[in-house]
Structure formats: C-alpha cells, structure tokens
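Coordinate analysis (summary)
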Amino acid sequence: MKQVLGVINLVNELDDLEELTYNRTIASVPFGGRYRLIDFILSSMVNSDIHSVAVFAHTKYRSLMDHIGSGREWDLARKRSGLFLLPPAVEEVQEMLKGDLYYFHKHRDFFYRSSQEYVVIARSHMVCNINLKEVVNAHIERGADITMVYQQSGEPQLGKCRRIETDAEGRVTDILDHFGPTNSEKISLDIFVMRKDLLLDLVETSLAKGYDHFTRNAIMNNRERLKIYGYAYKGYLGVVNTIPAYFKHSMDLLNPDIWTRLFYDTGNQIYTKIKDEPPCHYTEQSHVANSLIANGCRIEGEVENSIVFRGVKIGKGAKIRNSIVMQNCVIGEDVSLENAILDKDVTVGRGSTLKGSPNAPFLAPKRKRI
Amino acid sequence: MKQVLGVINLVNELDDLEELTYNRTIASVPFGGRYRLIDFILSSMVNSDIHSVAVFAHTKYRSLMDHIGSGREWDLARKRSGLFLLPPAVEEVQEMLKGDLYYFHKHRDFFYRSSQEYVVIARSHMVCNINLKEVVNAHIERGADITMVYQQSGEPQLGKCRRIETDAEGRVTDILDHFGPTNSEKISLDIFVMRKDLLLDLVETSLAKGYDHFTRNAIMNNRERLKIYGYAYKGYLGVVNTIPAYFKHSMDLLNPDIWTRLFYDTGNQIYTKIKDEPPCHYTEQSHVANSLIANGCRIEGEVENSIVFRGVKIGKGAKIRNSIVMQNCVIGEDVSLENAILDKDVTVGRGSTLKGSPNAPFLAPKRKRI
Amino acid sequence: MKRKEIVAMLLAGGEGKRLGPLTSNLAKPAVHFGGKYRIIDFPLSNCTNSGIDTVGVLTQYQPLVLNSYLGIGSPWDLDRNEGGVAVLPPYVRQDGGEWYKGTANAIYQNIGFVERYQPEYVLVISGDHIYKMDYDLLLDFHKKEQADATIAVLEVPWDEASRFGIMNTDEGNRITSFVEKPAEPKSNLASMGVYIFTWEVLKRYLEEDEANPASSNDFGKDIIPAMLGDERRIMAYPFQDYWKDVGTIKSLWEANMDLLEADSQLNLNDRSWRIYSVNPNQPAQYVAASAHVRNCLINEGCLVQGEVEHSVLSYGVRIGEGSRIKDSFLMPNVKIGRNVVIEKAIVGEGAVVEDGAVYRSEEGADIQLIGTSDMLDN
Amino acid sequence: MKRKEIVAMLLAGGEGKRLGPLTSNLAKPAVHFGGKYRIIDFPLSNCTNSGIDTVGVLTQYQPLVLNSYLGIGSPWDLDRNEGGVAVLPPYVRQDGGEWYKGTANAIYQNIGFVERYQPEYVLVISGDHIYKMDYDLLLDFHKKEQADATIAVLEVPWDEASRFGIMNTDEGNRITSFVEKPAEPKSNLASMGVYIFTWEVLKRYLEEDEANPASSNDFGKDIIPAMLGDERRIMAYPFQDYWKDVGTIKSLWEANMDLLEADSQLNLNDRSWRIYSVNPNQPAQYVAASAHVRNCLINEGCLVQGEVEHSVLSYGVRIGEGSRIKDSFLMPNVKIGRNVVIEKAIVGEGAVVEDGAVYRSEEGADIQLIGTSDMLDN
C-alpha cells in the first residue's frame, strides 16, 4: 500500500458531545478505557500499510497534538512520509467558518508533494477496526471512481450519521445527511477511496462553483457523473458524535464478544499514546464485575458495568455503576455513582452521590471537583 | 541543569523582516545557509542541559512546527520533559491582540506540571551561542531575583533591541525599548533568568493590575522592588529582526573569525533539521570566493560574498554577488544577482539581472518565479 | 562526542541457570516480572530516573529477545543523540576474539566504549535485581567520600547473612574486608551488586586483572579484593529500600507476591519514579460478571471470567469461567481454560492450560513452574 | 510480531584486511565514503528506499563504531516499532557459543531472528559495495520467475571477468554454473553479492550446510554450488547501473573519484532515492576569497582557503592558504596546514598535515594513504 495517502478530516466534524468537546476536538475524546476516538481510524490506516497520513485539524486541537505527538506510537514518526498534523492556515477568522473543501484546497501541497496514487479520506468519530487494503483493492478491481464504506445495520443509531442507498450493482444512488428521510440500513462510515487526482479535481471544480462541502458538494453532486460504489464493512462500528451514542458504544465494549471483535479478531491492534502505568491494583475489599479497567488504577471499592480509564483511584466503599470514569479521576470513599460520565481529572469527594439516567447521563467536565 | 525550564517566547516578537515573515513566524526565518533563527537559542538551551523547553507560538507557526517536529534533532524528543510547542489557546480573535503575559497565564500548566525551580525565558531572533549554565550559576551566586543577559557593544545596531543601564554593582537601573533615548552600550538579549515561582507571581500580579506586557510591565515596573542584575554575554550576537540587520548579520558569517566564533569556539553545536542533502558539487566552470555554501547545491557559475542555502542550483555563467539565496532556489544560466535576498524555492530565469542596494536589498518572496 | 560525568555498565550476560526453563532461550534480564515488566526494566528505569543517559548493556547469552526488547531504548527515554543505550556483545579484533570470561573481563573488553565518553565515574550494575534506587545519591556519596569505589549495601537479617557477599566496615562506612558467603558473618551488610568506581582507578585494576592469568576476572572475586589489598578507599553506601535478587524460581515468585503486600515497599505507582517498559499495547482489561478478583495486580489485555486471588496477571492473560487462581504469577498471554485450579505457581509465557487441570503445590514444596520451555519462548 | 514478506540480512562482519589501517579499529562497512557517507549507508538506504523495513546487520569484527553509527536506525528511517534495524552479533547458547564461521553460518546462527518475522523471502546483501538498487524490482523478478534464489549480476568487461565470481546462464537467465575467478571465463556476468532466497529453501540449505563439517559455510563457495548441484532454480538478475566493490584502497579511491565524473552514474542528488547517513551537523562550508575550488564535492563544516581540484572533501576539513589538493579523498575532520601539496591520496579521518608537507604519488604507484591508524580511529 505504498500508493495510498490517508487523510483524517476533522473540519466541521458533526459534534454533539457537549462537555466532552468543550475544550477538545472530537478526535481526542477519550474512549474505551485508554484510547482517543482518532486512534481507531488512525490505527486502521497504519495497519493497512498507509504510511503517510495527514490530519486536517480545525479547532481545539491542542490535546490532539499532545496525543499524537510525533506519531511514534503508530509507527508514523518517519523521515519520509509519516504523520502530518496540519493546522488550519487561517489568516482571517471568517475563514474558520468555511467548508472542508476550502481546507483541502489550502492543504493541497500535501497532495502535490506525495507520490501516492490513491487517497483514503476518513473522519475521526467512527469507532471501527477496518482493513482498508481490502477496500482499496475492491475499489481498483471494480474500476470505481469513488468507493464509500458503509455498514448494513437495522439497529437504530444514536449517533448522527449519513446513510446511503445503492442499486443492485452496489452503485451508490443517494447519500443522505442524518436529518434526511430514508429507510436505508446502509450507514456511511464517511470513508472515501478515490484517486488523488480525482480528489484534487473535485476540490477545484467544486470551489470554483462556490461549493465548499466535501460530501454534499464534491461527492453527492457528482453521483451521476462518477461511478461511486459502496463497500460493506462487517466489523464493529460505533458512530460516536452524541452523548447517548458515546454512552451506548462505550457500554458495548462490556460485551466480551464486541471487545474481542473490535480489538482482537482482525489481528490488528489499536494503537494509542503510551502512559507507562503499572498494572491495576485490586485490593482485598474490591469488587469488580462486568467492567473494563485500565492500568494504573487502584480499586478499593465496587465497580459494576463500568469503564474505568488509566490512573483512576476508587476509594473504599465507593459504588460505581453503569458509569464511565476517565483518566486520573479520584473517587472518594463511599461515593455512589450511577449512569455518570466523569471527564479527566474529576475529583468526587467522600460520600457524594451522583446519578444520571441512561439516556441523559450525569456529565462532569474535566477537572471538576464535586 | 535538571532544575531549569526553557521558554522561547514568540508572542508579539518585534518583527520588521517584511517578505521574509509574511507567511512564517520570525522564529522560522532561514539563516546562515542551513539554519532557522530559533535554532540558535534552542541549541543554546539544549547545550546548557535544559531538557524541557516550551515554545510559546503565536501566529504563522506552521513552518515552525514542520521545522522542529518532535524535537529529535535537538535531542528533545523525550518521554518526560522534552520540547513542547504550545499554540495559542485562542477562543476569540481579540485575544490574539493581547500581550505576552496573557499567554504566560494561559500556558501556566506548563509551569505547574514541571518540577524545575528556575526558568530561562528567551526570544527567537537573537543569533548567539550562549552558555546558559553560566548565566544561571551567576544568577544563583549573586542572589539575584532576575538576571538579564546583555552584550556590551558600541557598534550601531541595525536590529531593534532594548538597551539596559546598570549601576556599579551590575544591578539593572533602567530598561529601554528600542525607541527610547539612551546612550547605553548594553544591548539586551531579552534573555531572563528567574525562579519559576517569581515568574508565576509576576504574571498573576501584573495581569491583575491590567498589565499584560512581560518586559515592560512584569520586569521594568518591578525594577526597584526586585534585584535585577545584568550578565554580560561575550560571544557573537546578531539581533535579527529587520531586513538590514538580517543582511548584515548574514554577511558577518563570511568573516571566518565570526564563523568560527559562532559555530566552533564554544564547543557547542547549533542543531537544525536534517535534510540528507549530498555534498555540494562544484563543477569545472564554477568560481566561488568568500562565500558560505550549504550541502545539496550544484554550482556551475560564480559566487562571491554570498550565502547559498541547501539544494540551490546555480547555472553556468551566473554571477551571484553579495546575495543570500535560500533553499532550493534555481538560478538560471547567465543570471546576474547583486545585493539580493531570494527566499525559498525562487526561480530566476536565464539571463535575468536583479540588483538591490546593501541598505535595501532586492527581496524575492518564497516561490516567486522571475 | 560530548563528555559524560558517569556512564553505566549493565551486566546482562548471565545465563541464569537457576531459573531453569525460563531462561533456556532467554537471557535472565529479559525474564518477565510484575505483570508488564522484564527484570531489566528496573535498572534501566533507575538509570534514566537518576539522570544517567548513557548505558552500555553487556550481553553474551541468548541476547535475541533482550536486544529486540531494548530496541532503540525509547521506552526508557534512552534513545539519545549522544549516549543512550548501547548493546555490547563480545566481538572480534584483529588479534581474534574472545567471549566474556567474567564480569570484570566484560567491562575490560569494552574499555574503548567507556573511553568514548571520557567519564569520571562508572556505575556497574546488574540485570537481575528488582529495586528502585537513585544512583545520583550514590554518586553524591561517592564524590563526597572521595572514594575509589562505592558499593551499595543492604542490611540483611543476621541469620540470612551467610547467603550473601558480606562487607565488613569500620565505623566510618569504609569497607575493610569482603567475604563471599561467610559461615560466620561479622556483619550483616550484603552487597547489592551496585558499584560506582572512579574510572581512572577501575581502568588500572581491570588492566592488571586481565594481565593476571590466575584471575577469574570477576568483580566480587577479583577486582574488589585486589583493591582492598591495596588499601584503596572503598565505601559502603547503605540502602534502605526494597531490593531482591530474583535469580531463582522461588525468589522470582516471592518478588511478585511482594508487590501485593498492602505496604509494599516497591511502589510501582510512583509518578516521580516510573518503571518504564515496552508497552504491549493491549486494550483495557475486562473483568466479567462471573469473575471474582481480590488482592491482585492485573494488566491490560486480560479477560478474567474466573476467580483470582492474591496473584499477578501479565498482559493478555485469559482466565475461563469456574477457574481459581491463587498465590500465582501468570506471565504474558497465558490462556487458562475453565474449571482450572492453580495455586502457588508461575505460569510461563504463552502457556495454555486445558479445562479442568489442577496445579496445587504441596505444603512446603517448591514453587511449580507451569508451561514447557517451548511455550516460554518469545 | 507482524509477518514480513521480506527480511534483509546485511553481512557486515568482514575485517576488510585489504583496506589496511583504515580498518584496524573499524569494521569495513563503517569506512567513510563520498564526503558524508559510510559504505553501509548505501545498502541500508537501498533497503529503506525499496520498502524493506526489517534489516538484520550481522557484525563480528570491531563493531563499536559501526554499532554506534547504526544507533537506533533513524537516519535510514529504520527505527520502526516492528522490525527496523537489528544488530546481530554472535552469542552464547546453553550449549556454548561460537563465532560466525562464514557468511552462511552467520545467517544460520540467526535463523531464530529471521523466523520471528516469518518471511517468505530473505535478501542477503553485504556492507562493502557502493551502488543504488531497487531490491523491490529484484523481488518482483524473483517472484515472477518462481526462483529458489536470484542473484543480481553485472556485466563486467571481458578482460576483467577473471577477477569476479562469474555466473554462466542459459538463454532464459537461469544460472547453470558458478565459477569463482575463472581463468577462462565463459561469461561476463559477475555476482554483485546481492541474493534473494525463498526462505524455506534457504533454511533447508543452511541446515544441511551446517551439518557438513567439510563446508566453509560460505554463500558463494558452498550454498550456491549445493543448490546448483540439486538443480534448484537460481536466476540471474541483470543490473545495469553503477556498482563498485570498495574492498581495496585503490577501489575506494576510484569510487570517490567516480563521483566527480560529469556523467556519474551514481547520482547522489536524486531526491527519490536519497542516500541517508548520520548527519554530522556542521555549519555551511566556507570557501574563502583565497580559495580556488574546481570539480569537487565539498561538505558542511569545511573551511577552504587553498586550491582544491578534482577531490572529495568530507565534513569538517580545513585547507590552509597556499595548499593544493588534487585527485584526492579527504576523510572527515582532516586538517591541512599551509602550502601543503597532496595529489592522488586518501587522507584518513582526523589526520593533521603540517605546513609545507608534500605528498605526491609517483606515476603508476599505489594510492597513498596519509594518516596513521591512530588518527584513523573514530
């Protein structure tokens, strides 16, 4: 796959994650005990031998810079190619409001400088572990102009996602935004494969006509002229851009089948930033059931149906149920937590009780002291 | 020097470099055949065993990100400590107009998280090779609150610099901006040493009073209350923030004494980004005199009193005099160049003649085709 | 090459015979420990945390896994432009090559490596001890005492002293004599195998030792006695914290169990003194509803469906339903089926234990080692 | 560990006796070349440019400089999370250790390393040739021909053929026989010392070769003849570009002079096929007003005040006023005083040539080597 460039497009990514994205881009939202959302698509690219990846950052990307660093954890700290975090080259604030095609245009040097023939364009909020080699191979074999990855699923989606409609040959006949009317069970992963020169052409021609939206203008408007095919992804998918979706897809990981399917079955690892945390310490009094626990924790209380990130301390007598507790939180003794999401570094004082509902979990922003 | 933090403060850096800084911060202006301005202070910090350096970026820092990358060339790609490029955490554009103290405040986490006791704060536009260990040692020995580095020089300065006045004990009695009236021959390098807690205190108290300018408010306003001492730096100094200063200090390097003094005499190297360029090829027809030439060039013409950066091609019959030719420029056959500064990737077509004056060199912006 | 004040030489060439099949294909310093570490992580992390950035690792026996583990040194922040971690195997010169004959000879053969950095001091440590130690304090002590050599010592219980190399000292901590495993110890200060030498002095003794055909070229047996014989100033540096030689199956097991003590002296969670290791990059551990976990250290990538008590589980371990693990150390990627019972055992890397198997040590018997040497390969 | 399609094994253990004092303290692949390179930069850069990211470097002789130069592999982009560059010295197993007996034995002893990556193919190359080659094309050829082994060959002038290992082929490029330095060559296809083997096949031959006490355990002398004897499918891959064995002082000098040819086949300035090296990080070179520089390759950190013609200057070289350097290769950090004359010479690393010295080779004499072996130490 020397011939494929990866682009992770964070510009105007649909985001209803409330407090979780007040100070960070959706790409760096913590997920699954030790990951950030972007880890999934980024690792998928690396595992598919894509050695050159550009992240088109847009806003609030400082924590993302810190997370991906030089790209070493993804083996992308390379001399040639590697990982490029491209911040917006903003001269004026009004430009921040422009559509993503404008940024593709601003970053066109990245495409010109590279020798690769194909581009895979993706978003950061899709939790998946996908073999993109197979997608590109299918794209080439079928002689497609554009290939869009989708998942067939009748389940209701809590995240906001596009859906596509295809004809009998698998050609995409329509693409609908999340608010569009459709009965389609084909959920778009917003992953596109095409030749680099076609992408550059679509960018220039769309912008020239005054259009600046990649999916709506560059892709949808050209669906009759171009051969756009769907590719069915069969692995686990979580569209994580709303709080209910975040909560549901996090809890999905407590199903060992899903945990195994996402992290092990493909044979491809999900990489993330290394923290050098020691093993998790469960004390004599701890009681843990049906939970995902990361390293560096010290658990002296009870944890049930919950996800606990790295470096969390849970005091004696504390009861954590159906909750997500992010990195370095400190839960005091006899605290009771139910249907809650605590962002990083939250401290909950001794004896507090916090309770949300599964549809509207209690949300504590980063560093809050309760 | 485990106990010292480095800060390179790019916020509101005084910049009259015209075309050279239209699209880049002053810190990443190319200098001396293969360096960027920031290399000098950054290498000085590293050579002084400062292992934790924050660069407070402000605007136009994309080329700087590209240049310093993970910090590996400066041995700052480290797990603990290392190099931190901190972009402005801007929520509103008006904030971009605020003084540097505001950014110190915004980045205060960097100070809180680190265990070091002292801070060295510097700018990026001072070309020097300074042993900061000695400055810190002098600071501690003298029991100073703040130590400011200066150079004693009667020479007129083409760059815009502050000057300081000191009393018989070396204590700083006044600090004057470049437009202030002074006969002082003590040129400030804008390098400050102080305890971290004093810095944090100065930041908070100045901001609380509505002042947001580091040198003017936090330092100058407190010069009676605090023991501020000068430290005389005796190595080579170039204050490079105007075009005449850029031209003069570049040409200074053609003096082998200065070249040796800046790059060799201290025993400390100036590090920069590696390019893997092959040796420079001088052909049979080439004629080069009193010039600084970088690797990766191919020289078929004449070069005199000039500085030629990496990867430049100079055609047969071309005559380059008193000029600075930056990376990857292509100079056609029989071109004549005098008192010119060509930014990166400039192409000068066959037979052209470009001529500036030493006070106002001909300036060609990046990628210009002439 | 920039001058370094101190260079560390880490002896990692030992075969570790007493660890049995655990080291049939693996150098002892590469043996797994504590769920996510290998033994060598401790001295390497001590180096980096002590501000020592140049470490020569002397290897000879089965270095493949160790070399690959050390890799570029980045897990310990030792991927440095100058210095960093360097693997030093025996090599051939124009006059032929020879294997390392002893610990002193290993350093002797690498005098050239040390001299590249022109250090004033050399720290000699070994790759088979578990401890956290600030070598910088040791160096300060060495400098303050103007010693030729400083040896870190530990007070051991008097009744165990005859199992160690014992230092007899005068009241000023100066070592007067050194006895290897004395029948009647006169002191209970045991050598930890951690030495700082003034390089100039050590170099001379290494050269003299090499010229002596009767020497076994060993630090403890030859170099230190020779220096004491010449009345060189050798100081004992008393160390108070946790230290353990994990040279046997039993001591390896004990050291793992020590981590589970409520008041464990070996705090792995100290952010100011991290123990670094190569990260296996596994997902968060999953503890099922059917699981029962008490007093354990458990790692990323584990999936626990059974009962685990007072045990250390390394990354990637699977424990099936109905199984009961107690007082045991499970190395990485062990797969335990259903209804298995394991008590007081070490289970080797990648071992697969079938449903229903029972491993229970007799009272007072040796610690069981489960898994074949084939399984123990990396 | 992820599976790799191909793993490269780079033979870098040779002593390079014919390079005289240049290799008294240095393995041959670490010898300087072309102003900023060492010989091993060429095969390593070829690997990385060909997309091969796993390279085992087999070292045995004086590896200190070489190991330190290879470091973490980052200059060649070979500091990879899986794979990358691994230095493979001889080592001790439970049944003792032995030095590498020959090129084939060196690979044999590291079968364990190769098998970690379960490759289908193994590329065997050596660290003493200067050339740019896309091994990926070689691999494509090997796969297309379904060969057991493919050997890269070069057409050499017929009158020089008797100096090389010569391949006789049928019209389909299949090798029918191999003769080392034939008195009467039947072909002019010389082996470049670049082999691709199907690993499964090579492994079998390595094991058989090892079991044969009469073997010298060498690829050219034993493995290839054995495979040809069994009528294995061994193909010749014709290579057209620049290739040079720099095993002697004369050939090292010639290869440097070749770089100065106007139509040099070895384009160092090709951005799509960079030759990577460890960057010495020196300032831009300074050519003084008194200097006269023609037809030269000059490096960073040089300060030229004299005349230099048709020469290669490595980094950090100083040439004083009035000196004249011609047809020479100056290694790094050479200091030439004033009014020195040097013609047709190699000046060793760090050599200092006093004012007024004259070194001029007699017509037809050997290339002079200036500088003592002490100076040639790194």
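Since this is a predicted model, take the numbers as computed values, not measurements.

The rules behind each value
- Residues numbered from 1 in each chain as written.
- Chains lettered and ligands numbered in written order.
- Predicted model: local features only at pLDDT ≥ 70, side-chain atom pairs only at ≥ 80, totals over all residues.
- Heavy atoms only, no water.
- Helix = DSSP H or I, 4+ residues; strand = E, 2+ residues; numbered from the N terminus.
- Rg over C-alpha atoms; globule rule 2.2 N^0.38 Å.
- Buried < 20%, exposed > 50% of the residue type's maximum accessible area, 1.4 Å probe, protein only.
- Domains from an automatic or database assignment.
- Contact = heavy atoms within 4.5 Å.
- Buried area = accessible area lost by both parts, 1.4 Å probe.
- Salt bridge = Lys/Arg side-chain N within 4 Å of Asp/Glu carboxyl O.
- Polar contact = N/O pair within 3.5 Å; in protein donor to acceptor, adjacent residues only side chain to side chain.
- Pairing = 2+ DSSP bridges.
- Axes fitted to C-alpha atoms, helices over the stretch in contact; angles between N-to-C directions.
- Least-squares fit on C-alpha atoms with pLDDT ≥ 70 in both.
- Core = buried A, V, L, I, M, F, W, Y, C linked by side-chain atoms within 4.5 Å.

A few words on the overall build of chain A. Check the secondary structure of chain A and you find nine helices and 28 strands. Compactness check: chain A gives a C-alpha radius of gyration of 21 Å against a globular reference of 21 Å for 370 residues, within 12% of the reference. The principal-axis extent of the C-alpha atoms belonging to chain A is close to 65 × 45 × 40 Å. Taking all 370 residues of chain A together, 62% fall into the buried category.

So, about the domain arrangement of chain A. Interface extent is often summarised as the accessible area lost during association of the parts. All names here are of chain A. When its domains are assigned, chain A resolves into domain 1 (4-263) and domain 2 (281-364). Once you take the C-alpha centre of each, domain 1 and domain 2 turn out to be 32 Å apart. Every contact between the two is made by 20 residues of domain 1 and, on the other side, 23 residues of domain 2. Taken together, the two surfaces of domain 1 and domain 2 that pack against each other cover about 1700 Å², and 70% of this comes from carbon and sulfur. Considering only the side of domain 1, the residues that lose the most area to domain 2 are Gly 33, Phe 247 and Leu 254, jointly responsible for 35% of the buried surface there. Linking domain 1 with domain 2 are one salt bridge, by the criterion used here.

Okay, the side chain of Arg116(D) next. Relative to the elements of secondary structure, Arg116(D) occurs in helix α4 (residues 111-116). One polar contact links Arg116(D) to Ser68(C), side chain to side chain, over a distance of 2.9 Å.

Turning to the sheet that holds strand β21 (residues 319-321) of chain A, a few remarks are in order. All names here are of chain A. With parallel pairing, the five strands of this open sheet are ordered in space as β15-β18-β21-β24-β27. Of all strands in the sheet, those bounded by a partner on one side alone are β15 (287-289) and β27 (353-355). On average, each strand axis in the sheet is tilted by 5° relative to the strand beside it, whichever way the strands run. The pairing of β15 with strand β18 (residues 302-304) spans three bridges and is classified as parallel. Looking at β18, one finds that Val 288 is bridged to Val 303.

Here we take up the interface of chain A and chain C. The interface of chain A with chain C comprises 41 residues on the first partner and 38 residues on the second. Taken together, both faces of the contact between chain A and chain C bury some 3200 Å²; the carbon and sulfur share is 44%. Its largest share of buried area at the contact with chain C, chain A owes to Asp276(A), Pro279(A) and Tyr282(A), together 20% of the area lost on that side. Seen at the junction of chain A and chain C, the total is five salt bridges.

The subject of this paragraph is the pattern of salt bridges. Should their charged atoms come close, side chains of opposite charge can pair. This model, assessed by the stated rule, comprises 76 salt bridges over all chains. The salt bridge involving Glu284(B) is made with Arg294(D); its shortest N-O contact spans 2.6 Å. Separated into two different chains, Glu284(B) in the loop between β14 (280-282) and β15 (287-289) and Arg294(D) in strand β17 (residues 292-298) make up a pair that spans both. You can call Arg294(D) partly exposed: its relative accessible area is 23%. Arg360(D) is the salt-bridge partner of Glu343(D), the closest N and O atoms lying 3.4 Å from each other. With Glu343(D) in strand β24 (residues 341-343) and Arg360(D) in strand β27 (residues 358-360), this pair connects stretches of sequence that are 17 residues apart.

On to the relation of the copies chain C and chain D. Each copy of the sequence occupies a distinct position, and chain C is placed on chain D by a rotation of 180° and an axial shift of 0.0 Å, giving an RMSD of 0.0 Å. Such a turn and shift between the copies fits a two-fold axis. Every residue of chain C has its C-alpha some distance from the rotation axis, and the shortest such distance is that of Ile72(C), at 2.4 Å.

Residue and element names in this part refer to chain B. In terms of burial, strand β6 (residues 118-122) is a largely internal element, five of the five residues being buried. Here β6 shows two buried faces, one formed by Tyr 118, Val 120 and Ala 122 and the other by Val 119 and Ile 121. In this sheet, β6 lies alongside strand β1 (residues 4-9) in parallel orientation, the contact comprising five bridges. Looking at β6, one finds that Val 4 is bridged to Tyr 118. Both β6 and strand β11 (residues 186-195) contribute to a ladder of four bridges, which runs antiparallel. Bridge pairing in β11 links Val 119 to Met 194.

A separate point is the pairing of strand β9 (residues 163-166) of chain B. All names here are of chain B. Relative to strand β10 (residues 172-176), β9 runs antiparallel, the two being bridged by four bridges. Looking at the pairing, Arg 163 lines up with Leu 176 of β10. Joining the antiparallel neighbours β9 and β10 is a turn of five residues, in which Gly 170 adopts a positive phi near 90°.

This next bit is on the interface of chain C and chain D. Every contact between the two is made by 28 residues of chain C and, on the other side, 28 residues of chain D. Together, the buried faces of chain C and chain D total about 2300 Å²; carbon and sulfur atoms form 62% of this surface. Applying the counting criterion to the chain C and chain D interface returns zero salt bridges. The tally of links between chain C and chain D comes to two residue pairs in polar contact (both at pLDDT 80 or more). Ranked by residues supplied to the side of chain C that touches chain D, first place goes to helix α2 (residues 64-70) of chain C with four residues.

What follows deals with the nonpolar core. Among the nonpolar cores identified, the biggest contains 150 residues, and Leu123(C), Met133(C), Val194(C), Leu123(D), Met133(D) and Val194(D) are the most heavily contacted of them. Ala122(A), Val135(A), Met65(B) and Ile68(B) belong to the second largest nonpolar core, which has 84 residues in total.

Glancing now at unusual backbone geometry. Leave glycine aside and you will find that most residues have negative phi; peptide bonds, for their part, are mostly trans. A positive phi is found at Arg367(B), a non-glycine position, where the angle reads about 70°. Counting through the fold element by element, Arg367(B) comes out in the segment after β28 (362-364). Exposure remark for Arg367(B): the relative accessible area of 44% places this residue in the partly exposed category. In this structure, Asn217(C) is a non-glycine residue whose phi angle is positive, near 55°.

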